[in-house]
Amino acid sequence: MASTTTGGTRNLWIGKPGLLREIIQAAKSWDRTADLNVTEFKSLEGAVTTIAPPRTPRRLKFSWDLLPPDDAQHLARLARRVNGPGLQGSPAAAYGPVAVLDPASVNLLDPYQAAAQSDSPSGGDHWFTVTGSMVVSPAVGDTVVAQFQDTTRIGWRHGIWTGWPVAPGMKVSWLVPPDWSPVTATAQLDWKDADGSYLSSSTATGPSVTGTAPAGAAFVTPIGGPGATGTAGLAGACLTIGDTPVPFALGDGCPAMSVTGYSDAPASPLPYRNISIDLVEVRDAEL
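First, a word on what this report is: a plain description of the structure on this page. (Residues numbered from 1 in each chain as written. Predicted model: local features only at pLDDT ≥ 70, side-chain atom pairs only at ≥ 80, totals over all residues. Heavy atoms only, no water.)

1. Let's talk about the side chain of E281
No. 1: If you trace the backbone, E281 turns up in strand 21 (residues 273-281).
No. 2: For E281, a relative accessible area of 12% puts it in the buried group.
No. 3: Within polar-contact distance, the side chain of E281 engages the side chain of R283 at 3.3 Å.
No. 4: The residues contacting E281, other than those within four sequence positions of it, are R55, T56, P57, R58, P255, A256 and M257. (Helix = DSSP H or I, 4+ residues; strand = E, 2+ residues; numbered from the N terminus. Buried < 20%, exposed > 50% of the residue type's maximum accessible area, 1.4 Å probe, protein only. Polar contact = N/O pair within 3.5 Å; in protein donor to acceptor, adjacent residues only side chain to side chain. Contact = heavy atoms within 4.5 Å.)

2. Some words on the sheet that holds strand 19 (residues 238-241)
No. 1: Ordered by their spatial adjacency, 3 strands build an open sheet running 16-13-19, and the pairing between neighbours is antiparallel. The open sheet has two edge strands with one neighbour each: strand 16 (208-212) and strand 19. Averaged over all pairs of adjacent strands, the angle between their axes in this sheet comes to 15°, without regard to strand direction.
No. 2: Bridge analysis of strand 13 (residues 171-175) against strand 16 gives 5 bridges, and the strand direction is antiparallel. Opposite K171, over in strand 16, you have T212 as the bridge partner. (Pairing = 2+ DSSP bridges. Axes fitted to C-alpha atoms, helices over the stretch in contact; angles between N-to-C directions.)

3. Observations regarding the sheet that holds strand 20 (residues 256-266)
No. 1: Taken in spatial order, the 7 strands make up an open sheet running 2-1-7-20-21-6-3, and their pairing is antiparallel. The open sheet has two free edges, formed respectively by strand 2 (21-23) and strand 3 (29-31), since each of these has just one partner strand. Averaged over all neighbouring strand pairs, the angle between strand axes comes to 30°, with direction disregarded.
No. 2: Note that strand 1 (residues 12-15) and strand 7 (residues 98-101) share 3 bridges and pair antiparallel. The partner of G15 across the bridge, within strand 7, is A99.

4. A look at the pairing of strand 5 (residues 48-51)
No. 1: Across 4 bridges, strand 4 (residues 39-42) lies against strand 5 in antiparallel orientation. For F41, the partnering residue across the bridge sits in strand 5 and is T49.
No. 2: If you look at the hairpin formed by strand 4 and strand 5, you'll find 5 residues sitting between the two strands, and G46 has a positive phi there, around 100°.

5. Quick look at the pairing of strand 11 (residues 153-156)
Each regular strand displays side chains that alternate between the two surfaces of the sheet.
No. 1: Across 4 bridges, strand 8 (residues 127-131) lies against strand 11 in antiparallel orientation. Among the inter-strand pairings, W127 is bridged to a residue of strand 11, identified as W156.
No. 2: Examined bridge by bridge, strand 11 and strand 17 (residues 219-225) share 2 bridges and lie antiparallel to one another. For I154, the partnering residue across the bridge sits in strand 17 and is G224.

6. Let's talk about the packing of aromatic side chains
To describe a pair of aromatic rings, you give the distance between the ring centres and the angle between the ring planes.
No. 1: Tallying each qualifying case throughout the model produces 5 aromatic pairs.
No. 2: Aromatic pair F148 and W180: ring centres 5.7 Å apart, planes at 75°, arrangement edge-to-face. One end of the pair, F148, is in strand 10 (residues 143-148); the other, W180, is in the loop between strand 13 and strand 14 (186-192), and 32 residues separate them in sequence.
No. 3: Aromatic pair W156 and W174: ring centres 4.8 Å apart, planes at 70°, arrangement edge-to-face. (Phe/Tyr/Trp six-rings, centres within 6.5 Å; stacked < 30°, edge-to-face > 60°.)

7. Focus: the nonpolar core
Side chains of nonpolar character tend, in soluble globular proteins, to be buried together.
No. 1: Core analysis: the largest hydrophobic core is formed by 44 residues, its most contacted members being W156, V166, M170, W174, W180 and L234.
No. 2: Those elements giving two or more residues to this core turn out to be strand 7, strand 9 (134-140), strand 10, strand 11, strand 13, strand 14, strand 17 and strand 19.
No. 3: W64, I275, I277 and L279 belong to the second largest nonpolar core, which has 19 residues in total. (Core = buried A, V, L, I, M, F, W, Y, C linked by side-chain atoms within 4.5 Å.)

8. So, the pattern of salt bridges
No. 1: Tallied over the entire structure, the rule returns 8 salt bridges.
No. 2: Of the charged contacts in the structure, one is a salt bridge between D65 and K28, with a shortest N-O distance of 3.4 Å. Of this pair, D65 sits in strand 6 (residues 59-67) while K28 is found in the loop between strand 2 and strand 3, placing the two residues 37 residues apart along the sequence.
No. 3: By relative accessible area, D65 is classed as partly exposed at 35%.
No. 4: In this structure, R32 and D102 form a salt bridge, with 2.7 Å as the shortest nitrogen-oxygen distance. Taken together, the positions of R32 in the loop between strand 3 and strand 4 and D102 in the loop between strand 7 and helix 2 (111-114) put the pair 70 residues apart, joining distant regions of the chain.
No. 5: Owing to a relative accessible area of 4%, D102 belongs among the buried residues under this scheme. (Salt bridge = Lys/Arg side-chain N within 4 Å of Asp/Glu carboxyl O.)

Fair warning: the whole summary comes from geometry, so function is off the table for now.
This is the structure we're talking about:
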């Protein structure tokens with residue numbers, strides 16, 4: 001988990017949106033296995049039937065030895081839902097989900113979003129129209145395609161927050177779906193502050209754009225337009241931080257997460273601490 005660039009996410013970033021903290025020290029152990037929730041039933045004849053939910057929520061488990069006290073206190077506040085001046089910055093109770101930028105995530109889009117698999121006939125669970133119109137067609141080859149105008153520009157929807165959590169100085173790269181023509185396509189990153197207000201944009205003519213999160217940025221929303229009238233696919237887009245976007249990369253997501261387990265043991269020498277924290281993906285911003 002060693003950082004490669006200043007402000008990059010080769011280290012873990014964790015915190016409430018707008019208050020992310022970089023944990024520079026490498027974790028002693030790190031597990032990022034998805035929760036499959038598969039249930040098996042075996043008949044008397046020996047045949048096996050399985051039942052599985054449509055989603056596989058992410059789980060993350062980290063532990064550190066000799067973590068510096070400032071980092072340890074940050075994780076303790078997140079786990080115990082305690083605000084503090086200059087840390088969580090609000091007199092209100094510190095409820096709500098935690099943002100985690102996992103350094104191993106290649107693509108921060110939701111896995112179904114990256115694969116253009118939508119549960120909504122309009123595609124509204126993953127995309128929204130900025131200009132022009134987009135008419136989603138029935139899935140082709142298990143992925144969504146859409147009819148565009150040449151003026152159409154669409155945004156990718158996070159699902160919980162107003163965008164993907166970032167911190168000022170982060171280098172963010174965005175690649176639109178590879179089915180879009182690189183000659184006519186445009187790519188854009190919209191930067192927003194902690195209350196979702198628009199700050200500025202990074203734009204490029206072509207299929208990809210890279211920008212640096214400005215001062216005050218807490219979220220980024222990826223925007224793109226195919227620049228041509230006709231049908232085009234929505235699969236294969238990639239949003240990444242501190243790295244080069246990879247077309248058709250599996251979406252690891254940047255889900256809202258809740259702390260489900262936490263341990264804190266004094267270390268020798270003090271004030272260092274041995275810390276572990278467990279998190280699970282949640283689908284409600286109030287949890």
